Amino acid sequence: MSSFNFSTWPPQLTPKQLEALTLAATTYALSHGLLYLPPSQSPSNTQPRIPTTAIHAPLSLVPAPFPRAQFQAARGLQSVYNVLYARIAMDTQFLDTVMGAEEGVGKADEFTGTLWRGWKNIREHGTLVQPLHLGLFRSDYLLHAAEDRLALKQVEFNTISSSFGPLSERVAAMHRNILASTSYFSASPHLIADNFPENSTTSGLVEGLAKAHEAYGVRDARILFVVQPNERNVFDQRWLEYELLEKHQIHVVRQTLADLVVSAFLDPSTHALTLILPSTNPSPYEISTIYFRASYTPSDFPSPSYYDMRFLLERSRAIKCPSLPLQLAGGKKVQEALTRPGVLERFLSNEGAKWGTHALDLTAHAADIRATWMGMWALDSEDADIVAALDHLPASGQGQENVPPGTRLARLKAPSLVLKPQREGGGNNVYREAIPTFLDALPAEEREAWIAMEMIETPRGVSGYLVRASPSSSGTDNGGTEEKVVRTEVISELGIFGYALFGGGEVVEREVGWLVRTKGTESNEGGVAAGFSVLDSVVLV
């Protein structure tokens, strides 16, 4: 176990010190674009087209302790993960088997199946005209307190709408500013500049977008951001837009899928995607790269026309971030399939130059990658190792004879498990004691859509000061520290960002930065946008 005593964190602060830090944090956030749009007050939950107010993002006053060795290990693995998921996205047969609607999870999950069928239809009609894919990835980790040591364990790997890079960079800068201005009142010897790592995620993510734009080859083309309507996390996206324009002279167009039904046109001969926006410019804009900050959840597709638009974008010559196969590669079912014997090694190997004559053989990293995984399996699994595990547990009770071994094992081990569907965005998982009742109600035909994963048991006793993003719902918030700051026991999740541009031979990739999200231990979910956690940074210990 790390010599650092997590139960002593955070250092004690007097009420006056806490008030001073809260003032420093919130005013820095408001001054530096660490912002959200406030919750809508309209019955329809709509945001105004032209905002007039903003609130600081939910944040932590004191950075979260994280062991230096594990932090560096996570960053070091990102390039391997970048290449791994690029190769998965290029393996059509694997994705058809694991995620498809004929053999894979798409049979049980209608959303996944619809995306896969759209991709399959495009393939069969020969309209995949853009070989290049762009991934802006984030690999999320927790510390696992295993026996006498702390291990780095992956929560998930995100291939679509990997958010909070720019805002997390600003939280890290905020913590460094507070350190420089207050020294955190010398409350802890760990709170020194050498333990506050730099974070330049914004420029790194933009580098990936700019490389895709350059590869497209039309200098005056624009990058399309596909966004959700009434997006509150708009500033996280705007920072990418500003960096693209100021550092790379690349313009961005923001559109929802509904907007694109009206504005988007596909040239039937060149497959160039153009947008016509009469309200701002009568001339069409050609699109080089499509960056999706939407289309990862069924609610983004309220009617078939929205799916039709998603598939039109896929057929275009623009480089997609992500493409449909890369989006499917991020499914939880793929994460589970990789844990099976030999699957990871097949993707890391370049035996026979199957990934190209100049592609790297990464099998030497297989053990390090596997070491980041918890045990997981499919609910419909009948694998021999699942059957063997059942043999070492008490009998599963009556009425389970026709239930797959994977589901029976999940029921027996429920207190130490989480069940995950093929969804992004937070709020979708089923945890521990809620699992048996959930399994009782789960139709047999839907089991294939879920995986069981062993819970990561994080260090106990670490706390944090969490600063709420908005006034209290009672409307009585007077701005006092007692109204805004909550000290509570917490769990902190580290995310490592990377990009990969691939499909034309070499995989161009880089690890580009990191984030931390901190949540109270009473919350199982970790999504800031979903309202379960706050943005944070690290102090290396």
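Coordinates for the structure precede this section.
Given the structure is predicted, the values throughout are model-derived calculations rather than measurements.

Peer 1: I would appreciate a short explanation of the sheet that holds strand 15 (residues 430-431) in the present structure.
Peer 2: Pairing between sheet strands relies on hydrogen bonds along the backbone, with the strands arranged either parallel or antiparallel. The strand order across the open sheet formed by four strands is 13-16-14-15, and the pairing between neighbours is antiparallel. A single partner strand is all that each edge strand has here, and the edge strands are strand 13 (376-378) and strand 15. Alignment of strand 14 (residues 417-420) against strand 16 (residues 451-454), held across four bridges, turns out to be antiparallel. Looking across to strand 16, one finds that L419 is bridged to A452. Along the sheet, helix 15 (residues 405-412) contacts strand 13, strand 14 and strand 16; its crossing angle with strand 13, the most-contacted strand, is approximately 135°.

Peer 1: I would appreciate a short explanation of the side chain of S288 in the present structure.
Peer 2: Tracing the sequence through the fold places S288 in strand 11 (residues 281-292). A distance of 3.3 Å separates polar atoms of two side chains, one belonging to S288 and the other to T289. With residues up to four places along the chain from it excluded, the contact list for S288 reads H213, Y216, A221, R222, I223, A318 and I319.

Peer 1: Help me understand the environment of D91 in this model?
Peer 2: Relative to the assigned elements, D91 resides in the loop between helix 2 (68-89) and helix 3 (92-99). For D91, a relative accessible area of 12% corresponds to the buried category. Counting along the chain gives 34 residues from D91 to A57, while the straight-line C-alpha distance between them is 39 Å.

Peer 1: How do you make sense of the nonpolar core when you look at a structure like this?
Peer 2: Nonpolar side chains in soluble globular proteins generally cluster together in the buried interior. Ranked by internal contacts, the top residues of the largest apolar core, which has 159 residues, are Y85, I88 and L313. In terms of residues, this core owes the most to one element, helix 2, which gives eleven residues. In this structure, M376, V418, M453 and I491 belong to the second largest nonpolar core, which totals eleven residues.

Peer 1: Can you help me understand the pairing of strand 18 (residues 485-502) in this one?
Peer 2: Each regular strand displays side chains that alternate between the two surfaces of the sheet. Across the 18 residues that make up strand 18, a large majority, 15, are buried. Across nine bridges, strand 5 (residues 133-146) lies against strand 18 in antiparallel orientation. Following the sheet pairing, Y141 is matched in strand 18 by L494. In terms of strand pairing, strand 17 (residues 463-467) meets strand 18 through five bridges, oriented antiparallel.

Each value, and the rule that gives it
Residue positions are given per chain, counting from 1 as you read along its sequence in written order. Given that the model is predicted, a residue must reach a pLDDT of at least 70 before its local features are reported, and side-chain atom pairs must reach 80 or more before they are shown or counted; all residues, however, enter totals for whole chains, interfaces and linings. The side-chain quantities take in all heavy atoms of the structure and omit both hydrogens and water. DSSP bridges decide pairing: two strands pair if at least two such bridges lie between them. Going along the chain from the N terminus, every DSSP run of H or I of four or more residues is numbered as a helix, and every run of E of two or more is numbered as a strand. Any two residues whose heavy atoms approach within 4.5 Å at even a single point are treated as in contact. To obtain an axis, a line is fitted to C-alpha atoms, over the contacting stretch when the element is a helix, and the angle between two such axes runs from 0 to 180 degrees between their N-to-C directions. Any pair of N or O atoms that falls within 3.5 Å is considered a polar contact. Within protein, one atom must be able to donate a hydrogen and the other to accept it, and sequence-neighbouring residues count only if both atoms are side-chain atoms. Any residue under 20% of the maximum accessible area for its type is buried, any over 50% is exposed, and the rest in between are partly exposed; the area is computed with a 1.4 Å probe on protein chains only. Residue types Ala, Val, Leu, Ile, Met, Phe, Trp, Tyr and Cys, when buried and joined through side-chain atoms within 4.5 Å, form a set referred to as a nonpolar core.

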